[in-house]
Each structure stands twice: as structure tokens, then as C-alpha cells.
Amino acid sequence: MTLPRCPKCGTNAYMVPLNYGEKIGTTVGGVVGLALSIGRGAALGSGAGAAIGSFVPIVGTAIGATAGGFAGALAGFMLGAEAGCRIGSEFDDHILRCFRCNRCGSEIQF
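Rules of the game
- Residues numbered from 1 in each chain as written.
- Predicted model: local features only at pLDDT ≥ 70, side-chain atom pairs only at ≥ 80, totals over all residues.
- Heavy atoms only, no water.
- Helix = DSSP H or I, 4+ residues; strand = E, 2+ residues; numbered from the N terminus.
- Buried < 20%, exposed > 50% of the residue type's maximum accessible area, 1.4 Å probe, protein only.
- Contact = heavy atoms within 4.5 Å.
- Salt bridge = Lys/Arg side-chain N within 4 Å of Asp/Glu carboxyl O.

(A) Looking closely at the overall build of the protein. Counting secondary structure elements, the protein contains three helices and three strands. Starting at the N terminus, the α and β elements of the protein follow one another as β-α-α-α-β-β. Out of the 110 residues belonging to the protein, those deemed buried represent 31%. Sequence-distant contacts in the protein: of pairs separated by 6 or more residues, those separated by 24 or more amount to 69%.

(B) Region of interest: the pattern of salt bridges. In total, this model carries one salt bridge according to the counting rule given. Among the ionic pairs, E82 bridges to R86, the shortest N-O distance being 2.7 Å. In this pair, E82 and R86 are both assigned in helix α3 (residues 59–96), four residues apart and thus about one turn of the helix distant. Its relative accessible area of 57% is what places R86 among the exposed residues.

Now the structure itself:
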């Protein structure tokens, strides 16, 4: 991506992308990934954690199921956030194109 020139000071050395699409995509993707993993990933993770923790009779199974469910939910959140970030990055590069000049503080969209 080529950096545009600032309309006020005329330089492109201080232009930085604002990445609104990445920020929104990461947030939305993480929430959607967490919501989807609550049903599937957490159930699979809690089952696996319970099976691993079953060597210690009652406490191991409960702790293993809790830890496995948390790991499944966390994995779903992370996968969703990564997918959202990549989609948002493409959205930033091709549609939004918002930049801020760190030299004079002006924001532009081209």
C-alpha cells in the first residue's frame, strides 16, 4: 500500500493508517468466535478435560472439565478474532483507506 501525501504539510513520511477495519473486525470476529465456541468448542474441550482429569476421582473431573471448557472458548475467540482481523485488514486496504499525519495531526481518507 502506498502512503498518500498529507494535504496540509505535503509529506508522506509521517502518514500512518488508522486501521478501523482491523479493529472492528477483530472485535466482531472474536465475539462471534466466542459465541460459536460456547456451543461446540467448550463442550468438546470440557469432555476432553474431564477425560484427562478422570484419573483423580471427583475433583479431577470437575477441574478438567472447567479447564477444557475455558480452553475451548478461548480457542474459539482467538480463531474468530484472527479471521476478523484479516478480513478487516483487506477492508482497510481496499475500501476505507483512512490515514493520519503524525506531523500535523490531519486525518484523510482517499
